[in-house]
Amino acid sequence: MNNETRPVETVLIVGTGLIGTSVALALREHGVTVLLADQNPGAVRVASELGAGAEWVPGGHPADLAVIAVPPQFVAEWLLDLQKTGAARFYTDVASVKALPIAQAAQLGCDMTTFVAGHPLAGRERSGPAAARADIFLGRPWAYCPGPEASGDAVAAVLALIELCGANPVQVDPAAHDEAVALVSHAPHVAASAVAARLAEASETALGLAGPGVRDVTRVAGGDPRLWTVILSGNARPVAEVLEAVAADLNAAAAALRAVSARDGHAAIGRVTELLERGNAGQSRIPGKHGGPPRSYAVVQVLVGDRPGELARLFQAAKDVGVNIEDVRLEHAPGLPLGAAELSVQPEAAGVLADALRAHGWHVP
């Protein structure tokens, strides 16, 4: 983006948690002046020490854009307060729910001409400014929801923010956004937590048998429960509808499996198979790399020692033969100082990579 025409030179970030601080770090990489505010002075201090910006002093020159990075229920109040003090020319937010803060902002009498709601579809299981990363938004969708009153300049400022963060702008209706994230983010988090909750009192034998499957299913369950409670309550109805549909499928599967155990269950098990097939179909529709259509990759498995620099050597070997690693997955061997790296590559490159790794002394099964 040409700095001479960039509509945002100074940005105020209100809320220096994971997303707010990550936005700040991304902007700082492009030379944007960033001011930081948070009700927790310690969070501002940590973010500042990370190079995210300087603490905001109210009453100064208005910022070009204020990014409200607080839970959904508090966006409208912050928007009203910031607008009353003239903190910025334009305003946006990054809350994961859109209909609620927009409706509350209108009810409070906020100036909707200067506000464009937004939501970057990015995050980590960890929270707080120390977990922030400047690259967290790269290639990720960033929903934005301009209302009918939003000015063209306000929309341009938000689009400039999204571009500076390296994300892909997606204009969407607020209600459609909330239904979408209920399906692809919020309900899956609850479902993952329900599975993970079964592990809280699991035997050591069961935990000792845990593999990558259960880790994949429960990964997002490591998020902050308090933060997720706020998010879920702000999008309660759409999430409830998705969970009810998931629960119906699970109940039907459970009933079928009960029938299988009680009698000849050939017909009953078919209902389970049907659910698994629908799961295959749904999983295959998840967008692939860079948001494009799903791709089928070949997997090259290689044993890797648990030593410094091993992955770097592995990637260098792939680079030397011109093979791009599309994805990588690590599985540690319990009780042993090694693990297995699964390298996803283009099918035509699998043999080239496997031969090169063997030539360099790697063990490729």
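It should be emphasised that the depicted structure is a prediction, and the values quoted were computed from it without experimental measurement. (Residues numbered from 1 in each chain as written. Predicted model: local features only at pLDDT ≥ 70, side-chain atom pairs only at ≥ 80, totals over all residues. Heavy atoms only, no water.)

### Observations regarding a nonpolar patch on the surface
Nonpolar side chains collect at one region of the surface, where Leu311, Phe315, Val328 and Leu330 lie side by side and expose about 290 Å² of accessible area between them. Within the residue set of the nonpolar patch, elements represented by two or more residues are α12 (310-320) and β10 (327-332). With respect to the helices and strands, Phe315 occurs in helix α12. (Patch = residues over 30% accessible without salt bridge, like charges linked within 9 Å, V, L, I, M, F, W, Y side chains within 5 Å. Areas by Shrake-Rupley, 256 points an atom, 1.4 Å probe, with all protein chains shown as cover. Salt bridge = Lys/Arg side-chain N within 4 Å of Asp/Glu carboxyl O. Helix = DSSP H or I, 4+ residues; strand = E, 2+ residues; numbered from the N terminus.)

### Points about the pairing of strand β6 (residues 115-120)
In terms of burial, β6 is largely enclosed, as six of its six residues are buried. In β6, alternate side chains face the same way, and those of Phe115, Ala117 and His119 on one face and Val116, Gly118 and Pro120 on the other are all buried. As for the winding sense of the linkage, the β-α-β connection from strand β5 (residues 88-93) through helix α4 (residues 99-108) to β6 is right-handed. (Buried < 20%, exposed > 50% of the residue type's maximum accessible area, 1.4 Å probe, protein only. Right-handed = clockwise from strand over helix to strand, strands pointing away.)

### A few points about the side chain of Asn235
Summarising the element assignment, Asn235 is placed in the loop between α9 (225-234) and α10 (236-262). For Asn235, the side chain forms a polar contact with the side chain of His186, separated by 3.1 Å. In contact with Asn235, other than residues within four places in its own chain, are Val97, Asp178, Val181, Ala182 and His186. (Polar contact = N/O pair within 3.5 Å; in protein donor to acceptor, adjacent residues only side chain to side chain. Contact = heavy atoms within 4.5 Å.)

### Looking at the confidence of the model for the protein
Chain-level statistics for the protein give a pLDDT mean of 89 and a share of 93% at 70 or above. In the model, residues 1-5 has pLDDT below 50 throughout and makes five contacts with residues more than four positions away in sequence or in other chains. (pLDDT = per-residue confidence, 0-100.)

### Some thoughts on the nonpolar core
In this structure, Val23, Leu27, Leu65 and Trp142 are the most contacted members of the largest nonpolar core, which totals 40 residues. Those elements that place two or more of their residues in this core are β1 (10-14), α1 (18-28), β2 (33-37), α2 (41-49), β4 (63-68), β7 (141-146) and α5 (152-164). At eight residues, α5 tops the list of elements feeding residues into this core. Among residues more than four places away in sequence, those in contact with Leu65 are Val8, Thr10, Val11, Leu12, Ala88, Phe90, Tyr91, Thr92, Ala157, Val158 and Leu161. Counting residues in each nonpolar core, the second largest holds 24 residues, with Ala63, Val70, Leu82 and Ala87 among its members. (Core = buried A, V, L, I, M, F, W, Y, C linked by side-chain atoms within 4.5 Å.)

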